[in-house]
Amino acid sequence: MCKLFFLLIVLFLVSCQQEEAGQPVSDNVSTVPETTALKYTQSEVDMTLKQVSEHVWYTEGAAGAATENEGFISNAGVVITDEGVVIFDALGSPSLAQKLVGLIREKTDKPIKMVIVSHYHADHIYGLQVFEEAGAKILAPKGAEIYLNSENAVTRLEERRVSLYPWVDEHTRLVEPDEYIHAAKEISLGGLKLSLSYLGAAHSDGDLSLYVEPDKVLFSGDVIFEGRVPFVGDADTKHWLETLEKMELAELAALVPGHGPAATQPQEAIKLTRSYLAYLREKLGQAVEDFTPFDEAYTAIDWSKFETLPAFDEAHRRNAYQVYLSLEAEGF
Ligand SMILES: [Zn+2]
């Protein structure tokens, strides 16, 4: 009797301790996979996984400005193999990445093995910590370290902690990759061949694309934008255009851009980005050559073939200015 009383006291004390620690008394939580526990503020955006081919899915961000739609403006790819899952780009907040993991878990319980980052810009990387915490290896293009070590990366994150609060907050951090890719690389996983192409500094300081060989699907990252004005930022538009011209797209079954819908006619999809960059370079190149000040040149140039595209108001004038500055620097 005395022993039983002692046992009840011990059980009572253990139960109190668990409640003090904020843990539920029952331990059935441990049956839920770690990745589906909602650690980050829940996202309310409309996110779906769209199937592109046998092994490939993607989720498509909205066509708006960077802080619209909870920052869900970029795409992420999902490749499901027999051995595990590969993610292409990590979305613009931990909340969005957490939501994506939830959608993946409806399709497979295979581990998330790897995240391939097309480039280090805010809208593609703030979800990385979710995948890192799930044990995924992170691969990024050489050049990402320039961004990671820049003042710009720090100020952008500070700004997004305000403009995208509560989805980006003080717990959101920059995640370094486990491996930098500086040349072509092939990865075999679960019977699939994945080919990484290092594109050099095109849209950013370093860009990668991923080709899922058996499915003939290309994830292009932001070197190709579909259905909206591209974000040029501080891109090397000369090398970017050259990269686009070298891409062999005839064989592809589908192309998933960094922003906008997947294209089943990649040759068409590439036209917008290519003609946009070429037009900017041609018209502003003429202005630089004639020593025409930017404002005067911008007002005089006919932009009508792009002005009905989404993101024109948010992105175009800044793009034009960046291209004007870079053309001056190229020494026209
Ligand atoms: Zn982007």
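Remember, predicted model here, so these are calculated numbers, not experimental data.

**Here's the deal with the overall build of the chain**
Across its full length, the chain holds ten helices and twelve strands. The burial tally for the chain puts 43% of its 332 residues in the buried class. Residue pairs in contact within the chain that sit at least 24 positions apart in sequence constitute 67% of those at least 6 positions apart.

**Concerning helix H2 (residues 94-105)**
When the terminal C-alpha atoms of H2 are compared, their 16 Å separation across twelve residues agrees well with the 16 Å that a helix rising 1.5 Å per residue should span. Counting buried positions over the twelve residues of H2 gives nine, a clear majority of the element. As for H2, its buried residues are in contact with strand S2 (56-59), strand S3 (76-80), strand S4 (85-88) and helix H4 (128-133).

**Let's talk about the sheet that holds strand S8 (residues 185-189)**
Spatially, S8-S9-S10-S11-S12 is the arrangement adopted by the five strands of the open sheet, whose pairing is mixed. Strands at the two margins of the open sheet, each flanked by one partner only, are S8 and strand S12 (254-259). Mean inter-strand twist for the sheet, computed between neighbouring axes without regard to direction, equals 25°. Looking at chain direction, strand S10 (residues 207-212) and strand S11 (residues 217-225) are connected through three bridges and run antiparallel. Residue Val212 lies in a different strand from S11, and its bridge partner there is Val217. In the packing of helix H8 (residues 266-289) onto the sheet, contacts are made with S11 and S12, and the angle to S11 comes to roughly 15°.

**Some points on the environment of Asp215**
Looking at the element boundaries, Asp215 is found in the loop between S10 and S11. Taking C-alpha positions, Asp215 is 9.0 Å from Leu192, a pair spaced 23 residues apart along the chain. Excluding its chain neighbours within four sequence positions, the residues that come into contact with Asp215 are Ser53, Glu54, His55, Val56 and Ala253.

**Some thoughts on the sheet that holds S4**
With mixed pairing, the seven strands of this open sheet are ordered in space as S1-S2-S3-S4-S5-S6-S7. In the strand order of this sheet, the two ends are held by strand S1 (50-51) and strand S7 (179-181), each with one partner.

**Quick word on the nonpolar core**
Grouped burial of nonpolar side chains is what soluble globular proteins tend to show. In this structure, Ile87, Ala90, Val115 and Val117 are the most contacted members of the largest nonpolar core, which totals 87 residues. If one sorts the elements of this core by residue count, H8 sits on top with nine residues.

**Things to note about the environment of Thr273**
Along the chain, Thr273 falls in helix H8. The spacing of Thr273 and Leu241 is 32 residues in sequence and 8.7 Å in space, taken between C-alpha atoms. With residues up to four places along the chain from it excluded, the contact list for Thr273 reads Ile224, Phe225, Pro230 and Leu244.

**Some words on helix H10 (residues 312-330)**
Between the first and last C-alpha of H10 there are 25 Å, a value that for 19 residues agrees with the 27 Å anticipated at 1.5 Å per step. Considered for burial, the residues of H10 that qualify are Ala315, His316, Asn319, Ala320, Val323, Tyr324 and Leu327. All buried residues of H10 lie within an arc of 165° about the axis, which places them on one face of the element. Residues Arg318 and Ala329 are exposed on H10 and point more than 90 degrees away from its buried face.

**Things to note about the pairing of S10**
The buried fraction of S10 amounts to five of the six residues, a majority that puts the element mostly inside the structure. As defined by bridge partners, strand S9 (residues 192-200) adjoins S10 across six bridges and the pair is classed as antiparallel. Residue pairing across strands places Leu194 opposite Val212, the latter belonging to S10. Hairpin connection, S10 to S11: the antiparallel pair is bridged by four residues, and Lys216 has positive phi, about 55°.

**Some points on the packing of H8 against H10**
Running from amino to carboxyl end, H8 crosses H10 at an angle of 55°, the nearest separation of the two axes being 9 Å. Compared by their axis directions, H8 and H10 come out oblique. Once H8 is placed against H10, the crossing between them reads as right-handed. Facing Leu280, Arg281, Leu284, Gly285, Ala287 and Val288 of H8, the residues of H10 in contact are Asn319, Ala320, Val323, Tyr324, Leu327 and Glu328. Looking at the contact of H8 with H10 residue by residue, the classes come out as eight nonpolar, two polar and two charged.

**What about unusual backbone geometry?**
Pro166 follows Tyr165 through a cis peptide bond whose omega is 5°. Locating Pro166 in the fold gives a position in the loop between helix H6 (151-163) and S7. The phi dihedral of Asp89 is positive, around 75°, even though this residue is not glycine. As for its placement among the helices and strands, Asp89 is situated in the loop between S4 and H2. With phi around 70°, Leu91 is a residue other than glycine that occupies positive phi space. Topologically, Leu91 is positioned in the loop between S4 and H2.

**Here's the deal with the confidence of the model for the chain**
Confidence along the chain averages 88 in pLDDT terms, with 89% of residues attaining 70 or more. Scored below 50 in pLDDT, residues 4-36 makes 13 contacts in the model with residues more than four places away or belonging to other chains.

Criteria and thresholds
Residues numbered from 1 in each chain as written. Predicted model: local features only at pLDDT ≥ 70, side-chain atom pairs only at ≥ 80, totals over all residues. Helix = DSSP H or I, 4+ residues; strand = E, 2+ residues; numbered from the N terminus. Buried ≥ 20, exposed ≤ 12 C-beta atoms within 10 Å, placed from the backbone. Contact = placed C-beta atoms within 7 Å. Expected span 1.5 Å × (residues − 1). Pairing = 2+ DSSP bridges. Axes fitted to C-alpha atoms, helices over the stretch in contact; angles between N-to-C directions. Core = buried A, V, L, I, M, F, W, Y, C linked by C-beta atoms within 7 Å. Arc of directions from axis to C-beta. Parallel < 35°, antiparallel > 145°, perpendicular 65-115°, else oblique. Left-handed = near helix turned anticlockwise from the far one by under 90°. Nonpolar A, V, L, I, M, F, W, Y, C, P; charged D, E, K, R; others polar. pLDDT = per-residue confidence, 0-100.

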